[in-house]
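Below, each chain spelled out in residue letters.
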Amino acid sequence: RQRTAGRISPTIIIRLPCGTGFVIEGHNEFEAASFLSTPGFIIVCASTVQDFYDFLLAAAGSRKIVLFFEYKALYGADYPLEYQWKGETVQKRVPIAAPLMRRLPLTPIEDFGMKLRRDGEHATVLTYGKMIYHCLEAAELLAEEGISLEVFDIRVFKPFTAENQLIQSIQKTGSLVLVGDEPAYASTLSAIVAELVEKREIFDFLQRPPLRLAAPNIHHPPPSYHRSYVPQPDTIATSILKMLKE
């Protein structure tokens, strides 16, 4: 497209199944950060069935190059959670399947932007993909402690825009937490936090440094250890509680 000055501009959708789970470790990475600096790409990640449907339909009509990250763990009818909380093992399955609505006319793929998944008062949480369900579960745990989290689903990594709803949320809470299942260094979370704190309307309202909760900067372990590699609801809740107390 760049070489032909736009005379050739095909629609290209590259579907990229990703995410930790009980599959061999080489198939577990979330690799969106590898493509952030490449001009011309649209990078999206869906966390719900409706978003998956809407994004794929919009990408097909976009005449753009879309990198479509899909969490394999969200292909089923529900998503399993297992973690430790207050000395007990918690196991539950979060429903994923839902009726679909077809929305016409199509929204341009890059205009979907982020979506508010939960209202809160004490910290603004930015996350994506299956980690949405980890963060929403952490929000339930912290609600028992009198702390409410405002949770946003990033959805579109490129182009990323700091929308007014997010800016107003950070101004309200004074705290920013970013949660992902990729190594924190040079990650999508790193790029987003830099984009946000450079804005005075965000930086001036932060009461404490932003917190990134992500995987360690090591190769993914064997499948049976995947829960130890990725932030879980209990570790997310504990880290946010510690941040707010400090």
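In this report, we go over the structure that sits alongside the text. (Residues numbered from 1 in each chain as written. Predicted model: local features only at pLDDT ≥ 70, side-chain atom pairs only at ≥ 80, totals over all residues. Heavy atoms only, no water.)

Once that is clear, we can look at helix α3 (residues 164–173). Taken together, the buried positions of α3 are L166, I167, S169, I170 and T173. Along the axis of α3, the buried residues cluster in a sector spanning 160°; they form a single face. Facing away from the buried side of α3 by more than 90 degrees, the exposed set consists of N164 and Q168. Contacts from the buried residues of α3 go to β7 (123–127), β8 (149–153), β10 (176–183), α4 (188–197) and α5 (200–203). Positive phi shows up at G174, right after α3, with a value of about 75°. (Buried < 20%, exposed > 50% of the residue type's maximum accessible area, 1.4 Å probe, protein only. Helix = DSSP H or I, 4+ residues; strand = E, 2+ residues; numbered from the N terminus. Arc of directions from axis to C-beta. Contact = heavy atoms within 4.5 Å.)

Glancing now at the packing of helix α2 (residues 131–143) against helix α7 (residues 233–245). Axis separation between α2 and α7 bottoms out at 8 Å; the angle between their running directions is 55°. It follows from the interaxial angle that α2 and α7 lie oblique. Crossing hand, α2 versus α7: right-handed. Between α2 and α7, the residues in contact are H134, C135, E137, A138, L141 and L142 and P233, D234, I236, A237, I240 and L241, respectively. When grouped by side-chain class, the residues that make up the contact of α2 with α7 number nine nonpolar, one polar and two charged. (Axes fitted to C-alpha atoms, helices over the stretch in contact; angles between N-to-C directions. Parallel < 35°, antiparallel > 145°, perpendicular 65-115°, else oblique. Left-handed = near helix turned anticlockwise from the far one by under 90°. Nonpolar A, V, L, I, M, F, W, Y, C, P; charged D, E, K, R; others polar.)

Bringing the sheet that holds strand β9 (residues 156–158) into the picture now. With mixed pairing, four strands are arranged side by side in an open sheet as β1-β3-β2-β9. Looking along the sheet, the strands with just one partner apiece sit at the ends: β1 (12–18) and β9. Sheet twist, expressed as the mean angle between neighbouring strand axes with direction ignored, is 20°. Alignment of β1 against strand β3 (residues 65–71), held across seven bridges, turns out to be parallel. Across the sheet, the residue bridging to L16 is F69, located in β3. (Pairing = 2+ DSSP bridges.)

Turning next to the layout of surface pockets. Reported here for the largest pocket is a volume of approximately 270 Å³. Residue lining of the largest pocket: 16 residues in total, with E29, F30, E31, E182 and P183 positioned closest to the centre. For the lining of the largest pocket, the leading source of residues is β10, giving three residues. Of the residues that constitute the lining of the largest pocket, the class distribution is seven nonpolar, five polar and four charged. (1 Å grid on protein atoms, 1.4 Å probe; cavity = no way out; pocket = protein on both sides within 12 Å on 5 of 7 lines; lining within 4 Å. Points joined across faces, edges and corners; volume = space filled by probe spheres on them.)

Tracing the backbone through its elements, the reader meets L116 in strand β6 (residues 115–118). Residue classification places L116 among the partly exposed residues on the basis of a relative accessible area of 24%. Non-local contacts of L116, meaning those with residues more than four positions away in its chain, are made with E150, V151, F152 and Q165.

A separate point is the pairing of β8. Among the five residues of β8, five are classified as buried, and the element is accordingly described as predominantly covered. Judged by which residues are buried, β8 turns out to be covered on both faces: L149, V151 and D153 on one side and E150 and F152 on the other are all buried. Both β6 and β8 contribute to a ladder of three bridges, which runs antiparallel. Along β8, the bridge assignment pairs L116 with F152.

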